[in-house]
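# Report on the structure
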Amino acid sequence: MFKLGNENRQIRTAKNTPIIKKKLKKGILAEANNDGTIFVSPKLKEGSKKYKKTIAHELQHMNDMESGRANYGDNHVEWEGKMVPRKNGYIYGPNGCLPEGDPKHPWEAVALKAEKKVK
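Quantities reported herein were computed from a predicted structural model and do not represent experimental measurements.

## Quick word on the overall build of the protein
Counting its secondary structure elements, the protein contains two helices and nine strands. Along the protein, helices (α) and strands (β) appear in the sequence β-β-β-β-α-β-β-β-β-β-α when read from the amino end. Across the 119 residues in the protein, those meeting the buried criterion constitute 45%. Sequence-distant contacts in the protein: of pairs separated by 6 or more residues, those separated by 24 or more amount to 49%.

And the structure:
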C-alpha cells in the first residue's frame, strides 16, 4: 500500500527528490509529500526490485503533483481538477469510498503503471 503524505515542507521538483528513510505506519512502504520529498520505509532494502518499484510509484505521484494533475491536503485529494474528501484513512473518490492507496483510485492506477516499467 502506498499513501500520499500529509506533511508540509519546502516545495521541490521530482527531478531532485530527496528520499528519506522514515518509520511509517503499518502497511505503508512509502509516501510522496507535496514538498518534493519521498519517505520510504527503512524495511525496504535499498536497490532491491521492490524498492525500485516503490520509488517509481512515488515519483509518479511527484510528477503528477508537479504537473498540477494531483494535489492533496490533510482533508482532501485533488485529481485532474476535482477535489474529493479524505478522512480517517479513506478517500471518497470517483470510484467510491476506498482506503488510501487503493489501486482503484485513478491516481494510484497511474502510479502502478509506472511501477510496471521497472525491470
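## Side note on the confidence of the model for the protein
In the predicted model, the protein carries a mean pLDDT of 89, and 87% of its residues have values of at least 70. The low-confidence segment residues 8-13, where pLDDT is below 50, has 14 contacts with residues more than four positions distant or belonging to other chains.

## Focus on the environment of isoleucine 38
Mapped onto the elements of the fold, isoleucine 38 is located in strand 4 (residues 38-40). Taking relative accessible area as the criterion, isoleucine 38 reaches 0% and is therefore assigned buried. Separated by 20 residues in the primary sequence, isoleucine 38 and glutamate 58 have C-alpha atoms spaced 7.0 Å apart.

Calculation criteria
- Residue positions are given per chain, counting from 1 as you read along its sequence in written order.
- Given that this is a predicted model, residues contribute local features only at a pLDDT of at least 70 and side-chain atom pairs are listed and counted only at 80 or more, while totals for whole chains, interfaces and linings are drawn from all residues.
- For the side-chain quantities, the full set of heavy atoms in the structure was used; hydrogens and water were omitted.
- Helix and strand labels come from DSSP, where a helix needs a run of H or I of at least four residues and a strand needs a run of E of at least two; each type is numbered from the N terminus.
- Partly exposed residues are those whose accessible area sits between 20% and 50% of the maximum for their type, while under 20% is buried and over 50% is exposed, using a 1.4 Å probe and protein chains only.
- Whether two residues are in contact is decided by their heavy atoms, any of which lying within 4.5 Å being enough.
- On a scale of 0 to 100, pLDDT captures the predictor's confidence in every residue.

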